[in-house]
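Structural overview
The chain contents come next:
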Amino acid sequence: MNATIFFGSESKNEKFNLTFNKTKNSLNYKYVNQIDTSKTIFIKKIIQSDSLLFGFDKFVKTSKKPFTNDELQGLEFDYYDTLDYADDATGPILFSEKYGLLAINNVYGPTIIFLDKKNDYLTEHIIDNLNE
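Keep in mind it's a predicted model, so treat the numbers as computed, not measured.

**Things to note about the pairing of strand E9 (residues 100–106)**
The element E9 is extensively covered by neighbouring structure, given that seven of its seven residues are classed as buried. Note: strand E8 (residues 90–96) against E9, five bridges, orientation antiparallel. Residue pairing for E9: Leu94 is matched across the bridge by Ala103. The antiparallel pairing of E8 with E9 creates a hairpin that spans three residues between the two strands. Bridge count between E9 and strand E10 (residues 111–115): two bridges; the pairing is antiparallel. The residue of E10 that forms the bridge with Ala103 is Ile113. The loop that links E9 with its antiparallel partner E10 comprises four residues.

**Some remarks on the packing of aromatic side chains**
Geometry of an aromatic ring pair is reported as the spacing of the ring centres plus the angle between the planes. A complete count under the given rule lists seven aromatic pairs for this structure. With a centroid separation of 4.6 Å and an interplanar angle of 35°, the aromatic rings of Tyr31 and Phe114 are classed as tilted. Highlighted residues: Tyr31 in strand E3 (residues 26–33) and Phe114 in strand E10, separated in sequence by 83 residues. In terms of burial, Tyr31 and Phe114 fall into one category: buried. Connected via pairs of aromatic rings, a cluster forms that spans Phe20, Tyr29, Tyr80 and Phe95. Taking NZ or CZ as reference, Lys64 lies 4.3 Å from the ring centre of Tyr79, over its face.

What counts and what doesn't
Residues numbered from 1 in each chain as written. Predicted model: local features only at pLDDT ≥ 70, side-chain atom pairs only at ≥ 80, totals over all residues. Heavy atoms only, no water. Buried < 20%, exposed > 50% of the residue type's maximum accessible area, 1.4 Å probe, protein only. Helix = DSSP H or I, 4+ residues; strand = E, 2+ residues; numbered from the N terminus. Pairing = 2+ DSSP bridges. Phe/Tyr/Trp six-rings, centres within 6.5 Å; stacked < 30°, edge-to-face > 60°. Lys NZ or Arg CZ within 6 Å of the ring centre and 35° of its normal.

Now the structure itself:
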């Protein structure tokens, strides 16, 4: 996966390997940076609920219309927000069970967009939707 990471005024592109496994209760997505394995993102989708676990936080699916784009094979990405809202909280997260993580928005930290290949137009469109 190609990750475009926005932090400060500049963006950078990094490559991540995605591994997926399914358990009785969850879908588990692990993104590991190809160069620096300390950069790892783990998302757990609880199967019988509309929630995700990311870091120490639980995120719930919102009522916002899912994000779609023709360049994403017609997939719909649901918006997830943290239960514990704070000005500096992570969110929203754009996620689809079939694709995994599309985007993590973070006001005070890095915002990350995961695409199969680099696509500046699509990345900009995703960022615009995260900030609506």
